[in-house]
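Examination of the molecular architecture
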Amino acid sequence: MMASIRWGRVAGWAVLVVVMAVTLFPFYWMLRTSFSSTRALAGGAADLLPVDFTLGAYRRVLGLSSTAEAVAEGGSSGTVSFWLYLRNSIVVSTTITLGQVFFSSMAAYAFARLRWPGRNAVFTVFVTALMVPPIFTTLPNFVLVKELGLLNTYLGIVLPQLLMTPFAVFFLRQFFLGINGSVEEAARIDGAGHVRTYFRIILPMSRGPIATLAILTYITSWNDYFWPLLVGKAENVRVLTVALGIFRSQTPQGSPDWAGLMAATLFAALPIMVLFAVLGRRVIDSIGYTGVK
Amino acid sequence: MTSDTVRAAPRLTPGTVPKIPPSRRRRLGDLPVAALFILPAAVGFAVFYLWPAVRGVYLSLTKYNVLTPPRFIGLDNYERLLGDHLFWNALKVTGEYVLINIGTQTVISMLLAVLLYRLTKSMLVRGIVLLPYLVANVVVALVWFWMLDFQLGVVNNVIEWLGFDRVAFFGSDWAIPTIAGINTWRHMGYTALLIFAGLQMIPPSVYEAAAIDGASEWRTFWRVTLPLLRPVMALVMVLSVIGSFQVFDTVAVTTGGGPINATRVIYFYIYDQAFNRFNFGYAAALSSVLFVLLAGIAYLQMRLSRAAESDLRGS
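Residues numbered from 1 in each chain as written. Chains lettered and ligands numbered in written order. Predicted model: local features only at pLDDT ≥ 70, side-chain atom pairs only at ≥ 80, totals over all residues. Heavy atoms only, no water.

Now for the pattern of salt bridges. In the structure shown here, the tally under the stated rule is 8 salt bridges over all chains. Taking the shortest distance from any N to any O, the salt bridge between Asp257 of chain A and Arg60 of chain A comes out at 2.9 Å. With Asp257 of chain A in the loop between helix H13 (240-250) and helix H14 (258-292) and Arg60 of chain A in helix H2 (residues 56-61), the pair connects residues that are 197 residues apart, well separated along the chain. This pair shows no difference in class: Asp257 of chain A is buried, exactly as Arg60 of chain A is. Arg166 of chain B serves as the salt-bridge partner of Glu160 of chain B, at 3.1 Å between the closest nitrogen and oxygen. Relative accessible area serves as the criterion here: at 42%, Glu160 of chain B is assigned to the partly exposed category. Here the residues in one salt-bridge network are Arg113, Glu184 and Arg188 of chain A, joined through shared partners. (Salt bridge = Lys/Arg side-chain N within 4 Å of Asp/Glu carboxyl O. Helix = DSSP H or I, 4+ residues; strand = E, 2+ residues; numbered from the N terminus. Buried < 20%, exposed > 50% of the residue type's maximum accessible area, 1.4 Å probe, protein only.)

What follows is about the nonpolar core. Among the nonpolar cores identified, the biggest contains 188 residues, and Phe82 of chain A together with Leu130, Val139 and Phe280 of chain B are the most heavily contacted of them. Of all the elements, H14 of chain A adds the most residues to this core, at 16 residues. Among residues more than four places away in sequence, those in contact with Val139 of chain B are Met30, Leu244, Thr265, Ala268 and Ala269 of chain A. (Core = buried A, V, L, I, M, F, W, Y, C linked by side-chain atoms within 4.5 Å. Contact = heavy atoms within 4.5 Å.)

What follows concerns the interface of chain B and chain A. Of the residues lining the interface, 91 residues belong to chain B; the matching set on chain A comes to 92 residues. The largest per-residue losses of area from chain B upon contact with chain A belong to Phe37, Phe48 and Trp146 of chain B, which jointly make up 11% of the total buried on that side. Ionic pairing is found between Arg55 of chain B and Glu147 of chain A, a salt bridge with its closest N-O pair at 2.6 Å. Put simply, chain B and chain A have 10 residue pairs in polar contact (both at pLDDT 80 or more) between them. In terms of residue count, helix H3 (residues 31-59) of chain B provides more of the side of chain B that touches chain A than any other element does, 22 residues in total. Taken together, the residues of the side of chain B that touches chain A sort by class into 72 nonpolar, 10 polar and 9 charged. (Buried area = accessible area lost by both parts, 1.4 Å probe. Polar contact = N/O pair within 3.5 Å; in protein donor to acceptor, adjacent residues only side chain to side chain. Nonpolar A, V, L, I, M, F, W, Y, C, P; charged D, E, K, R; others polar.)

On to unusual backbone geometry, then. Residue and element names in this part refer to chain B. With an omega dihedral of -10 degrees, the bond running from Gly258 to Pro259 counts as a cis peptide bond. With respect to the helices and strands, Pro259 occurs in the loop between helix H12 (249-253) and helix H13 (266-276). Although it is not a glycine, Ile260 sits at a positive phi angle of roughly 50 degrees. Locating Ile260 in the fold gives a position in the loop between H12 and H13.

Residue and element names in this part refer to chain A. Domain annotation of chain A identifies domain 1 (12-76 + 251-292) and domain 2 (84-236). Placing a centre on the C-alpha atoms of domain 1 and another on those of domain 2 gives a separation of 32 Å. Listed by partner, the interface residues are 11 residues for domain 1 and 13 residues for domain 2. Buried surface at the junction of domain 1 and domain 2, summed over both partners, amounts to about 1,100 Å²; 85% is from carbon and sulfur atoms. Our count for the domain 1 to domain 2 interface comes out at 0 salt bridges. Split by residue class, the side of domain 1 that touches domain 2 holds 8 nonpolar, 2 polar and 1 charged. (Domains from an automatic or database assignment.)

Next comes the structure, spelled out in structure tokens:
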């Protein structure tokens, strides 16, 4: 009996290790390729270490290398600067996160802690939108943003997500509902109005869930591709995901600049990985919550 | 304490709602303040959710190329859709993708969740399996596009080294299974953690009872764990299937719908109609159909899996 259980554990760990290896290997391969020279890759397609080690791919992607240098290592002759796209991604994701979390928390407060006629009906309408597949609203939203003359502007990219998402309102309302009313009551006795109660009591007491939501929102908007592809292709507002798609399609069909592409890919993924490394536990714990949605 | 309350009470509301007589105030409750708090979100909701939903239905009844005003054509788009073999192809390709993706993802995630639950509490292990989910679809697609490249990709070089023929992973036969596999790789850790959260909700007492009855691990899993996990699994499945139907990013940056139409999934077909062929009205009709389809599938899934009921209460 004892022995069989132990063997089960060994087999279990073996499977787990394989899964982790399969999970991590592509990240390593990204790293390994990004430090290779594209021209040399064919000569060592399965080498575990970078082929003909060079920082050239990063220099190309970050707009630091001359055309001659780039072409010599198998890059394209056009210059790209992923610094610019990084800036755009930071601007877009930060704006969306700040706006969405703040305005959604205000609405969630009204739904959870205030009493007013029609409250539940309005909330039901909000939550129903959770079930609408994004494409259904995306096309008309594109038309709207175009009509407003906001194509290829930051505002056009952030606007649909800036004021609320049904999920954000729903998520925060759940937490606000759980706050003990006595604290609020005490504040009111001290003469605090609703605005004061919201800023001084509700927000500080919900730091945890708000931070969780902010992280999830940041990651989601950082990784979003479809919407910015539709409204923000222009270079000056192009975010990293869109830039990657364009970079991939620009590389000549015969010989893509694989090292450059992997350097760019890693560069685009790095901020999220750093965020994850710093806030790991909170991100992992948040998965249970979103599942309840 | 009581006297404090009494003294404080008059100060409460007059500051916020001064002129409304008491009876009306009771009926309206906190409405004025609530309206203020809800205003930004309500505007966002009305302009970017409600209005486009209404407008989407309207546009689906028009011929519209974005440059000239939409022209009402009744149900023509829907009629056209029925005879559009590319639409049916898109449904077929998407269905194939969803089946492979959900099939592999569910089995692997379930296994992974049980292993995590039984073997370790390590946050590092959980963090590692979650990692692919946090990285953009586009990033994941490009990395696998490179690793699965016919000539230079590491996977094909290993396959050849093992003595097999190279595989055209993005050729017409393999493209859909490949893309499904890539997204399984991205989502399996995330789905496993959702199921893991469900496993943690099962009270240990039922396992103790099963052990006392002498049930084997295998039997316990099928007879105890799985039935008790059903509500969580139902929810996870509904969310995964709906998400899976909306595959776009991976296709867009790898095959672009090809070869020929082998990977022209429904989302990509809608995108193509709207932004490459400027058939906005037709694209809107396609997305309306997708919406109804997804709602129907979600409803069926919920019904079949009796998601709202829990076996825990009954037994």
